[in-house]
Each structure stands twice: as C-alpha cells, then as structure tokens.
Amino acid sequence: MTVAAAPPLLKMTGIVKSFPGVKALDGVGLEVKRQEIHALLGENGAGKSTLLKILAGAQSPDQGEILFDGKPVTLANPHAAQRLGIVTIYQEFTLAPDMSIAENVFIGREPGRGPFVSWSRMAAETEKLIRRIGLERNPMTLVRDLSVAEQQMVEIARALSMDSRVIIMDEPTSALSLAEVEKLFKIVRRLKDEGISIIFVTHRLEEVMEVCDRYTVLRDGRNAGAGSVSDITIDGIIRLMVGREVNALFAHREASEPGPVALEVKKLTRLRTAQDPHATEIRDVSLHVRRGEILGIAGLVGAGRTETARAIFGADPFDSGDVFVDGELVTIRTPRDAIAHGIGLVPEDRKLQALFLSQAIRTNVSVAALDRIGHFGIFVDEAKERGLVEEYRKLLNIRMAGPEQAVGNLSGGNQQKVVLARWLALRPKVLIVDEPTRGIDVGAKVEVHNLLFEMARSGIAVIAISSELPEVLSVADRIVTMREGRVTGEMLRADATQETLMAMMTLGTTSRAA
Amino acid sequence: MAEARQSAAESSSVDLFGFLARFAPLIFLVVLMAVFAVLEPRFMSSINLFNVMRQVSITGLLAIGMTFVILTAGIDLSVGSLLAFAGLVAAAVAKGGMQDRFTVGEGGVGYGWELAALAAIAVGVAGGLVQGFSITRLKVPPFVVTLGGMSVFRGAALLFAAGGPISGFEHDFTWWGQGKIGPVPVPVIIFLVCGLLAHIVLRYTRYGRQIYAVGGNPEAARLSGLNVTAIICSVYVIMGFFAGLGSFVLAARLNSAEAVAGTGYELTVIASVVIGGTSLFGGVGTIFGTVIGSILIGVLLNGLVLMNVSSYIQQIIIGVIIVLAVAFDTFAKSRRRKV
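An unreviewed UniProt entry annotates chain B as Monosaccharide ABC transporter membrane protein, CUT2 family (TC 3.A.1.2.-) of Kaistia soli DSM 19436. Chain B has a UniProt comment under Subcellular location (unreviewed entry) that states "Cell membrane".

Going by the annotation in an unreviewed UniProt entry, the name recorded for chain A is Inositol transport system ATP-binding protein, with Kaistia soli DSM 19436 given as the source organism. What UniProt states about chain A under its Sequence similarities (unreviewed entry) heading is, verbatim, "Belongs to the ABC transporter superfamily." Here is the UniProt Subcellular location (unreviewed entry) comment for chain A, exactly as written: "Cell membrane".

(A) Geometry of the overall build of chain B. Helix and strand counts for chain B come out as 13 helices and four strands. Evaluated residue by residue, chain B yields a buried proportion of 51% over its 339 residues. Intrachain contacts of chain B at a sequence separation of at least 6 include 80% that bridge at least 24 residues.

(B) Spatial organisation of the overall build of chain A. Within chain A, the secondary structure is distributed over 17 helices and 24 strands. Against the 2.2 N^0.38 benchmark of 24 Å for 514 residues, chain A shows a C-alpha radius of gyration of 25 Å, consistent with a compact globule. Viewed in the frame of its principal axes, chain A has a C-alpha envelope of about 75 × 50 × 45 Å. Across the 514 residues that make up chain A, the buried fraction comes to 46%. Long-range pairs, those at least 24 residues apart, make up 68% of the contacts in chain A between residues at least 6 apart in sequence.

(C) Examining the sheet that holds strand S12 (residues 222–228) of chain A more closely. All names here are of chain A. A sheet is described by the order of its strands in space; here six strands give the open sequence S6-S9-S10-S3-S11-S12, paired in mixed fashion. Strands at the two margins of the open sheet, each flanked by one partner only, are strand S6 (86–89) and S12. Averaged over all adjacent pairs, the angle separating strand axes in this sheet is 20°, with direction ignored. In this sheet, S12 lies alongside strand S11 (residues 214–219) in antiparallel orientation, the contact comprising six bridges. Opposite Arg 219, over in S12, you have Arg 222 as the bridge partner. On top of the sheet, helix H8 (residues 234–242) reaches strand S3 (37–42), S11 and S12; it is set at about 30° to S11, its chief contact.

(D) Geometry of unusual backbone geometry. Residues and elements named next belong to chain A. Here the phi dihedral of Asp 220 falls at roughly 50°; this positive angle occurs in a residue that is not glycine. What makes Asp 220 partly exposed here is the crowd of 15 C-beta atoms within 10 Å. The phi angle at Glu 435 is positive, at roughly 50°, despite the residue not being glycine. Note on placement: Glu 435 falls in the loop between strand S21 (430–434) and helix H15 (442–457).

(E) Quick look at the pairing of strand S10 (residues 197–201) of chain A. Residue and element names in this part refer to chain A. Judged by how many residues are buried, S10 sits mostly within the fold: five of five residues are covered. Along S10, one buried face is formed by Ser 197, Ile 199 and Val 201 and the opposite face, lined by Ile 198 and Phe 200, is buried too. Sheet analysis places S3 next to S10, joined by four bridges and oriented parallel. The partner of Ala 39 across the bridge, within S10, is Phe 200. Relative to S10, strand S9 (residues 166–170) runs parallel, the two sharing five bridges. By the bridge assignment for S10, Met 169 is matched with Phe 200. With helix H6 (residues 178–193) bridging S9 and its parallel neighbour S10, the resulting β-α-β unit is right-handed.

(F) How the structure looks around the sheet that holds strand S16 (residues 320–325) of chain A. All names here are of chain A. If you walk across this open sheet you meet the four strands as S14-S13-S16-S17, and the pairing is antiparallel. The sheet is open, and its two borders are formed by strand S14 (282–290) and strand S17 (328–330), each paired with just one other strand. Along the sheet, successive strands turn relative to each other by an average axial angle of 20°, direction set aside. Here strand S13 (residues 261–270) pairs with S16 via five bridges, running antiparallel. Each bridged residue has a counterpart across the sheet, and for Thr 269 the counterpart in S16 is Ser 320. Docked against the sheet, helix H9 (residues 305–313) engages S13, S14 and S16, running at close to 110° with respect to S13.

(G) Local environment of helix H11 (residues 265–275) of chain B. Residues and elements named next belong to chain B. Within H11, ten of the eleven residues are buried, which leaves it mostly tucked inside the rest of the structure. Taken together, the buried positions of H11 are Tyr 265, Glu 266, Thr 268, Val 269, Ile 270, Ala 271, Ser 272, Val 273, Val 274 and Ile 275. Positive backbone phi, approximately 95°, marks Gly 277, located one or two places after H11.

(H) Region of the structure containing the nonpolar core. Of all hydrophobic cores here, the largest spans 249 residues; its most connected members are Val462(A), Leu88(B), Ala90(B) and Ala120(B). Each of domain 1 (2–242) and domain 2 (261–342 + 428–507) of chain A contributes no fewer than three residues to this core. If near-sequence neighbours (up to four positions away) are discounted, Ala120(B) is found in contact with Ala86(B), Gly87(B), Val89(B), Ala90(B), Gly244(B), Leu245(B), Ser247(B) and Phe248(B).

(I) Geometry of the confidence of the model for chain A. All names here are of chain A. Taken over all residues, the pLDDT of chain A has a mean of 87, while the share at 70 or more is 93%. Low pLDDT, under 50, characterises residues 245–249; the predicted model gives this stretch four contacts beyond four residues in sequence or across chains. Residue range residues 509–514 is modelled with pLDDT below 50. Its contacts to residues more than four positions away, or to other chains, number eight contacts.

(J) Broad picture of the domain arrangement of chain A. When the domains of chain A are assigned, the result is domain 1 (2–242) and domain 2 (261–342 + 428–507). Distance between the C-alpha centres of domain 1 of chain A and domain 2 of chain A: 32 Å.

(K) How the structure looks around the environment of Ile321(B). All names here are of chain B. Here Ile 321 is to be found in helix H13 (residues 311–338). On the neighbour-count criterion, Ile 321 (16 C-beta atoms within 10 Å) is partly exposed. In this structure, the C-alpha to C-alpha distance between Ile 321 and Arg 253, residues 68 residues apart in sequence, is 28 Å. Ile 321 has contacts with Ala 271 and Ile 275, leaving out every residue within four places of it along the chain.

(L) Seen up close, the interface of chain A and chain B. Opposite the 30 residues of chain A that make contact, chain B presents 26 residues. Those elements that place two or more of their residues in the side of chain A that touches chain B are helix H10 (335–340), helix H11 (350–353) and strand S20 (379–380) of chain A.

(M) Structural detail: the packing of H8(A) against helix H17 (residues 498–507) of chain A. All names here are of chain A. Contact pair H8 / H17: the axes reach a minimum separation of 10 Å and the direction vectors enclose 115°. Crossing of H8 over H17 shows right-handed handedness. Residue-level inspection shows Ile 238, Arg 239, Met 241 and Val 242 of H8 in contact with H17, the latter providing Gln 498, Glu 499, Met 502, Ala 503 and Thr 506.

(N) Molecular detail of the environment of Ala213(B). Note on placement: Ala213(B) falls in helix H8 (residues 206–216). Ala213(B) gets classed as buried once you count the C-beta atoms within 10 Å, which come to 26. Taking C-alpha positions, Ala213(B) is 11 Å from Leu202(B), a pair spaced eleven residues apart along the chain. Ignoring any residue separated from it by four or fewer positions in sequence, one finds Ala213(B) in contact with Phe356(A), Val367(A), Ala221(B), Ser224(B) and Leu226(B).

(O) Region of the structure containing helix H5 (residues 142–161) of chain B. Residue and element names in this part refer to chain B. Taking 1.5 Å of rise per residue, 20 residues should cover 28 Å, and H5 covers 28 Å from first to last C-alpha, within 8% of that figure. Buried within H5 are the following residues: Pro 142, Val 145, Thr 146, Gly 149, Phe 153, Arg 154, Ala 156, Ala 157 and Ala 161. Here the buried residues of H5 occupy an arc of 160° about the axis, which is enough to place them on one side. Turned more than 90 degrees from where H5 packs its buried face, Val 144 and Leu 159 sit exposed. Turning to H5, the residues buried within the fold contact helix H3 (79–95), helix H4 (113–136) and strand S1 (166–167).

(P) Local environment of the pairing of strand S15 (residues 294–298) of chain A. All names here are of chain A. Counted residue by residue, S15 has five buried out of five residues, so it is predominantly covered. As judged from the five bridges shared by S15 and strand S22 (residues 461–466), these two strands associate in the parallel manner. Counted as the bridge partner of Leu 295 is Ile 463 from S22. When S15 meets strand S23 (residues 478–483), the two strands line up parallel, connected through four bridges. Bridged to Gly 296 within S23 is Ile 479.

Cut-offs and rules
The numbering scheme is per chain: residues are counted from 1 as the chain's sequence reads. Here chains are named by letter from A upward and ligands by number from 1 upward, in the order in which they appear as written. Only residues with pLDDT of at least 70 get local features here, since the model is predicted, and only at 80 or more are side-chain atom pairs given and counted; chain-wide, interface and lining totals rely on the full set of residues. UniProt positions are given in the numbering used here, feature names are shortened, and annotations may be inferred rather than shown by experiment. Elements are defined by DSSP. Helices are runs of H or I of four residues or more, strands are runs of E of two residues or more, and each kind is numbered from the N terminus. Partly exposed residues are those whose C-beta has more than 12 but fewer than 20 other C-beta atoms within 10 Å; with 20 or more the residue is buried, with 12 or fewer it is exposed, and the C-beta atoms are placed from the backbone. Any two residues are considered in contact once their C-beta atoms, placed from the backbone, lie within 7 Å. The globule rule used for comparison is 2.2 Å times the number of residues to the exponent 0.38, while the radius of gyration itself is calculated over C-alpha atoms. When DSSP finds at least two bridges between two strands, those strands are taken to pair. Convention adopted: a line fitted to C-alpha atoms gives each axis, helices being fitted over their contacting stretch, and angles between N-to-C directions are expressed from 0 to 180 degrees. For a crossover, the right-handed case is the one in which the path from the first strand over the helix to the second runs clockwise, viewed with the strands pointing away from the viewer. In this usage, the nonpolar core is the set of buried Ala, Val, Leu, Ile, Met, Phe, Trp, Tyr and Cys residues whose C-beta atoms join them within 7 Å. Each domain span listed reflects an automatic or database assignment of domains. The quantity known as pLDDT measures the predictor's confidence residue by residue, on a range of 0 to 100. Each crossing gets its handedness from the near helix: less than a right angle anticlockwise from the far helix is left-handed, clockwise is right-handed. Each helix should span, by expectation, one fewer than its residue count multiplied by 1.5 Å. Here, the arc refers to the directions that run from the helix axis to the C-beta atoms.

Structure follows, in structure tokens:
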C-alpha cells in the first residue's frame, strides 16, 4: 500500500475532445505509474490517436484534467509537453535523412556557445546516448544510411536527450523484424529500469502480454477497461476491445445465391522498396469475389487491406501475382487498365484521392465517364451530363443545392455518394470500396450500406474494406481477414463474430479462435 | 437538417465570394480605363485602343497557352525565349535562308508565309514537347525544366541569328501583323479567335475537363482512369503552339525577327493569366479571365506610357501586381478549404 503514497506519474481524467460531427473522446481517463510499460489499446477509431495527440500537446482537450507528478498541467503545445518530459515517437519517424545521427538527436537544441555549435560536444553526448541503448554507430553517420530499426533508436536517443519521463511509442514494432522487436523490448525494459515510463501503442496483443505491465483499453472514445496485464488474457483484451452491442441500425441483407467468380487474385505480392521503406507489404494475397456477392476484408491499420485494393486496381505497382477477371488473366498496370476491365475503386481518403473539391458536383460525377456522354468522343454533352447527375442524385439520394455546387461544400456522406455515383456511372463488374463510411454520420452510413446491398443485388461483385468490425459483419456475405500483409483467414458472415474476427486479425491464426 | 441548412448558408456566401472573384478582373479593368480616360484624353481614342489591343494580342496568345499550363498547376518560363527562336526560324524560312537577311522590302527568294508560319509553330510545338517530356518522364519540376528551357531557347536563338535580326518580308507575310480587316487589326482577330477556340476546348470537350481534373487533384484524376502523364505533357505542347503562333505574328508586326524578342514576356504572360483568376495551384481558371487579364495588363502599361511613367516603374508595378494576385488566390483557396 506504499504505492498509494506516491501519486501516479501521469493521470488524465474526464478527457473530452470533439471534432465537427464526432466526439472522438468522451470522458476518457488514463493512469500511468512511475516505471511502468503501459499498453494503450483499442480498435481503429477508438480514440487512441486523439489521446496521444493531446498528450503530445498537438491538440487541446475540450474538457478534462491532466495531472503530471500530482500537479495539474496544461499541454498547450508540443514544446510544453516536451518540457515536462513527455516525448512521443511517432510511427512515421520525424528524422531528417540527410543529417547525421548527432544533428538529429540535438536538432533545435544543439549544444554550443552563442550562435556556434560545438560539434565535438554534440558528437560526444550523442555517443553516450546511443551507447546507452545499444546503437553501435558513429554519431556522424547519416540517418539515411541506417536501417529502420536503427532510425527508431535515434528517435529514442533524441527522447532521452530531452530528459524524458514518459516516452510514448506509437506502433513501434510495425516496421521491425522479429529480432529487432526483441532488441527494442530490451531497450524498453532498460529504460523502465532507469525510471522512465513508456506508453506503448500496438495492435499486436502478444507483445502486450510479453512486455507490458498494465493496459488501458479504449472503445468508441470511452474507457473499456484497465488493469494489470498479468490479470488478463488475450481473449479478455479482445472482448474489451470489441465488446459493444452490435448496432441495431446496421442491418444484414439476405444474401442471394452468388454468381460466377468475377474477380480472382492469386499470390499478389508487393514488397517495400528503398524509396518507401515504411510502406506496408503484402505477401501472397489470394482472394476471389463472385458476382452479386459482398466480400469483406477486415484487418487492423497496416494489415495491407488498402495496399491489396490499390494493387488490384493498378494504383500501385505490384511485384508478382495474377489477377483474373471473369476467369481470364488480365494485365493491370494503371487504373486505366483496371477500369477498362470493369474494376472500380472508391479509395479510402475521398478528399485526397477521389474528389475535386473546388469543382462542381456535375464534373465530379462525370469525370471517369466522359467518353460515354459525349459527341464524336471529343465534346461533352452537358445535357446528358446533367441527366446523369440527376439520375444518381435520385438513386443515391444525394442532398445537394444543384449540380453546379462545389463538391467541397457537401457533407461527408453526400461527398461519398458522389464518388459512388462516379463509379456506378461506369457500370463496373467489380467495385472495391475502401472505408466506405469513414468520417460520415450514422444515418449516411446506413444509406451507404443499403447502396452496397443494392449494387450486389444488381450483380456487381463488391469488395468492402472496413476498419469497423460491426460494419464488416453487417455488410459482407463472406469475410477475409488480413494481418501484416497476409491473408490470415476466411469465413462466412454467418459463422463470424467480432471476437473470432479480432482474433484472426491480431493473432494471425484461425485455430485459436476456433 | 441543421447540417443541410448550414452547408447551404456556407455555399451561398462562398458563391458570392466566388462571383466577386470571377468578375473582379473585369471590374478592375473598367475602373482602370475610366481612370486613364479622365487623366489622359488620348487614351480613349480609337487609334490608341486598337493599338493597345494589337500589343496585347501577342502576349495574349501566349497567355492562352499559359492558361492550359497553369490549370495543371504547372508553369512555363521559357515562352519568351521559345518565341524568339521560333520567330527567327520563321523569318529564315520566309527569306529562303540567311543570305539577304537585312534586305528590307519585297522581292526576296524565300518561301511563302504559309511555310514560315508552319515552321514557327513546328519549332514551338517541338520545344513544348521536349519540355513536357522532361517534366513527365524525367520528373523534373516544370519550374526547373522551363527555367532551363528559357536559357536553352534564348541561346539557340542567338546562335541561329548570329546575334543580328532578320528583317524585311513580303507583304502577305507582314499582313498577319500589320493588316486590318475593317477597322480591326489582324493580330487582334487571331487573338480573339484563338481565345474562343481555347474556351471551347476547355469548357466543352473531354480533354478540357481532364485538364481541370488533373489540375484540381492529380491523384484523384489518376484513380479515375485519366492519363495524367499525357495530359500534363500536352499542355506544354499547346503552350509551344501558341509561342510559335505568337512569334509569327510578332515577326509580321515588326517586319523583323530578332534573338532578343520576347525578353521578359514570361512575367507579363503569367501576370495576365493569374490576374485573370487562374489559380497557380491548378484546377481553377477560365480563358475569359485570361483574355480580360491580358487586356488589363496591356491597358495598364499603355496608360502608364501615355502618362510618361518610366518603364522601370512599370516593371515594379507588374511585379507587385503578380504578388498581389497570387496573395488573393491563396486567400480564395483558404476560403475554399475552410468549407
């Protein structure tokens, strides 16, 4: 009971943070003790990222209290957080590749006198820091020449140089090999022994069991549970992560008898390249979808779902694998090729990847179908074009002022319907929808789901990718799970539960769940 | 419901802003002309106004091409140099070689104006194609490629002309720069006809739509199945076409082609396009705006000349106007983003 005398190092209570349309955090608490490795867990969209941003001082909470060392603090900006000793190491590193290790460690805080940098002191202090965590490199080595794991150690060294008391690691193991993960765990344990607390965000639950002392699970912006890792099992954590009642609004459909296979992918593989060392790899992904069927792909962030979709669609090149449309081998190198073979993609980020925000709804709908509404293949028939917009406005119930309204002025749900209209106008055989309801309100979600059902009924083969398990479970007829670039399982919707899917997504085996 | 109302309110205020943004150049032009008319009576004479239009037509032709380029969020700094080079080639063709290049007047042994014009346009198109290819295949940013092109074409022009001008063409050649149809100078007609054609292409054709799409969001355009590489390459070819055409008209008007022709045109041309409301960020702009912008710049320069303002100060004014126009565009863009 002596522990009770010392207050926890970090205590957040009643944290509320709203964004337009969503309450990301609704009264969340987090308590991190001294010298502990604390796992922060939750599904995609549970509120982890928002909580981390608040801790890093990148966002301010609307309500709530943060106690550090027993004293109330406000983390008004990243600098304030760092002064307290709260340092975040992001998944995407923030190193300057063409500068040395030493320069990166001390960037903005170079030791020296007046305006002059003392290179010798900087090198010596960097040397000390990197030796402490076992990085055997010359401090003057360029960061570009380091492996991903070594770059991560430079980030850790930088955190140490700031006299950190809490180091937050966001998915630190996602880009590491097994041996590198072991090495990282050793470093993390050593830091703990030196008196530093670690907040560890990961999707790999085995790692939580191996290295973490305590855990906090978030779900839908609230606390779902917290406690000692020694008191819980992986299955228990999974239950906490998904344990919401399935939303009654999300209706199933009666799956009709699916038709012949429309799209089949065999052993699709895309590896990282030197230019893009953080890219998610996909390895030997094989799957198929039939006409009139909705195939769901479930997986956590970084599982390779989006990368699979983009590879099939020709948006990114892939290294090997075959794509068959209606049983025939096809060559797809660009989205043009994919479209010519009747494949469409509604990408995951509609604002960046799909919409021309400052342009009219009319041109946004017709952009891919211009050759079908023209004269002589040269001119666009604007009357036909308006007819097309009107047709899909009615069909998809798009709420808009008129066809000339800029698409950027529509709500998220209506923007997504505009993207769907663009693809439906092409009458595709296969439509891949990546996160079809991200960032849109519940009513619009139901509408989008019904549209997917309607597409399947009309004979389109639909592949639906979603981070939200209830969505996958309500929309799909059959579900494929992925983890770390590989397909880890497949089941019919009727046989699947959130728990079985989550197990397949986090553990990579079906046997455990069964 | 509340959301719908809010977005409707936002869209109406944005549309008002958009309306002002769209007609601001025209309003500015009218005000400027009124001011000059009051300050300097000679300004409103029909001779002066046609003279302004004749001057505007060369940079205006280039500005039409530049609109295509800037709509894709590109830039072409080489226009003045390419114009000089293409003009010299056209002149040499018209003179049938480099022998009697200084003979002023008629009676030469050269080829007709048709071949000369074709040669100018061919040089422009080839220059544009090389630059477009460098931008899309070698992935060098347009700014760098055309900055290089600016130097390369100027050097080529100087080399070709050995430093001197080529002057003295047949009457049917110079008619394209000096002639009139009724009261209207021929270059003005060429400028307005090209403007109309470009307007039709951008507004009513698939290709035009694709340019806006590529400029508005290249990734979305690619994922919608557009051949983004070909479209970007093509706008530099179009720019080259107008540089070639402009060089022919300029040589005809001056009855001479020289290697230093078109120096500094890139600034005037880009200013015309940007003042006309085309966004340097791509995806937004019209030919109508560019025509107004070109006339605006022409009127401004002409008025300043009539009022005996030194050409040094004119340069300063043009520079300030470019920065202000882009600042306005950035502001308009942030307004669009906020939605």
